Amino acid sequence: MSALTELCRQMVSCHACDLAQHRMHVVPGEGADDAAIIFIGEAPGYNEDREGRPFVGAAGAFLDELLSSIGLTRQDVYITNVIKCRPPGNRDPLPGEIGACKPWLDRQIEAIHPKVVVTLGRVSLSRFLPNDSIGKVHGKARHVGDIVCFPMYHPAAALHQGSLRSTIEADMRRLPQVLKELEGACVSGHQDDGGQQLTLF
Ligand code: URA
């Protein structure tokens, strides 16, 4: 059994916070164990809680389209969330819930060892770049410690605010270039409020 499979097996019996009392399923995540890209959303919603899989609703359909626009499928990447259980009524995750889930996400990132961590939305962004606003940093790759973070708007944002759709699509189209640049290990030494920005963006 891979380290990631074992981790997901442990996760499904987690009772580290009160969300365990409300959930139908824990939603650990899915995709390739050795993915170069991990996408991190906010939290499972109604459909994800029922199915135990991430991004299976309308936002997930848009995420699939975005992946396809750069020639990828879910099987090529890893998709998960900051927290693994649905908050009642889809409210924002509480700081204590994010903290309780942090070791799971940290261990997932460690096991997958992706080249790029794509944060989807504000909650996921603040897990890595707590002082940045999504409107300013989306579509720009940044070193955060030993992680390369690429913030994007949450796909659901395009469902509520149609004007964001083309921004999200354009950001996604930059990802292959970010990966290519990382493979060439051609990173500038530019420091910018706690993060190091890649040369291209
Ligand atoms: N929104 C998220 O942030 N994650 C999901 O899995 C589904 C919707």
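Residues numbered from 1 in each chain as written. Predicted model: local features only at pLDDT ≥ 70, side-chain atom pairs only at ≥ 80, totals over all residues. Heavy atoms only, no water.

A.B. asks: I keep staring at the overall build of the protein and nothing clicks. Help me out?
C.D. replies: Across its full length, the protein holds 8 helices and 8 strands. Computed over C-alpha atoms, the radius of gyration of the protein comes to 16 Å, within 12% of the 17 Å expected from 2.2 N^0.38 for 201 residues, which places it in the range of a compact globule. Taken over the C-alpha atoms alone, the protein extends approximately 45 × 35 × 30 Å along its principal axes. When burial is assessed residue by residue, the protein has 51% of its 201 residues classed as buried. Of all intrachain contacts in the protein linking residues separated by at least 6 positions in sequence, the fraction that spans at least 24 positions is 69%. With the model as given, the accessible surface of the protein reaches about 9,400 Å², and the carbon-plus-sulfur share is 50%. Counting 20 positive and 24 negative side-chain charges, the protein places the averaged centre of each group 2 Å from the other. (Helix = DSSP H or I, 4+ residues; strand = E, 2+ residues; numbered from the N terminus. Rg over C-alpha atoms; globule rule 2.2 N^0.38 Å. Buried < 20%, exposed > 50% of the residue type's maximum accessible area, 1.4 Å probe, protein only. Contact = heavy atoms within 4.5 Å. Areas by Shrake-Rupley, 256 points an atom, 1.4 Å probe, with all protein chains shown as cover. Lys, Arg positive; Asp, Glu negative; His and termini not counted. Charge placed at Lys NZ, Arg CZ, Asp CG, Glu CD.)

A.B. asks: Just to check I follow, could you spell out the packing of aromatic side chains for this structure?
C.D. replies: The relation between two aromatic rings is expressed through the spacing of the ring centres and the mutual angle of the planes. According to the stated counting rule, one finds 0 aromatic pairs in the structure shown. Positioned over the ring face of F128 is R127, at 5.1 Å from the centre of the ring. (Phe/Tyr/Trp six-rings, centres within 6.5 Å; stacked < 30°, edge-to-face > 60°. Lys NZ or Arg CZ within 6 Å of the ring centre and 35° of its normal.)

A.B. asks: How do you make sense of the site of the ligand when you look at a structure like this?
C.D. replies: Taken together, the residues surrounding the ligand are G41, E42, A43, E48, P54, F55, N81 and H154. At a separation of 2.7 Å, a nitrogen atom of the ligand approaches a polar side-chain atom of N81. For the ligand, an oxygen atom lies 2.8 Å from a polar atom in the side chain of H154. Expressed as a share of its isolated accessible area of 240 Å², the protein-covered part of the ligand is 89%. In this structure, the ligand is accommodated by the largest pocket. Residues belonging to the shell around the ligand are distributed by class as follows: 3 nonpolar, 3 polar and 2 charged. (Near = heavy atom within 4 Å. Polar contact = N/O pair within 3.5 Å; in protein donor to acceptor, adjacent residues only side chain to side chain. 1 Å grid on protein atoms, 1.4 Å probe; cavity = no way out; pocket = protein on both sides within 12 Å on 5 of 7 lines; lining within 4 Å. Sits in = over half its atoms within 2 Å of the grid points. Nonpolar A, V, L, I, M, F, W, Y, C, P; charged D, E, K, R; others polar.)

A.B. asks: Sorry, what's going on with the state of the cysteines here?
C.D. replies: Such a bond, covalent and formed between the sulfur atoms of two cysteines, is termed a disulfide. Here the structure, examined in full by the defined rule, presents 0 disulfides. C101 takes part in no disulfide bond, and the closest cysteine sulfur to it belongs to C14, at a distance of 6.2 Å. C101 provides the cysteine sulfur closest to C149, a residue in no disulfide bond, and the two sulfurs are 18 Å apart. (Disulfide = S-S within 2.5 Å.)

A.B. asks: Even after reading the chapter, I still don't get the pattern of salt bridges, so can you show me in this structure?
C.D. replies: Side chains carrying opposite charge are able to pair once their charged atoms draw close together. Taken as a whole and judged by the stated rule, the model has 12 salt bridges. In this structure, K102 and D106 form a salt bridge, with 2.8 Å as the shortest nitrogen-oxygen distance. Here the residue K102 and the residue D106 both occupy positions in helix 4 (residues 95–112), the gap between them amounting to 4 residues, near one helical turn. On the accessibility criterion, D106 (28% relative accessible area) is partly exposed. (Salt bridge = Lys/Arg side-chain N within 4 Å of Asp/Glu carboxyl O.)

A.B. asks: Where do I start with empty space enclosed by the protein in this structure?
C.D. replies: Empty pockets left among the atoms are what a rolling probe the size of a water molecule brings to light. A full pass over the atoms with the stated rule returns 1 cavity of 30 Å³ or more. A volume near 120 Å³ is recorded for the largest cavity. Taken together, 16 residues form the lining of the largest cavity, with C14, C17, R23, C85 and C101 sitting closest to its centre. Top contributing element to the lining of the largest cavity by residue count: helix 4, with 4 residues. Along the lines of polarity and charge, the residues of the lining of the largest cavity split into 12 nonpolar, 1 polar and 3 charged. (Points joined across faces, edges and corners; volume = space filled by probe spheres on them.)

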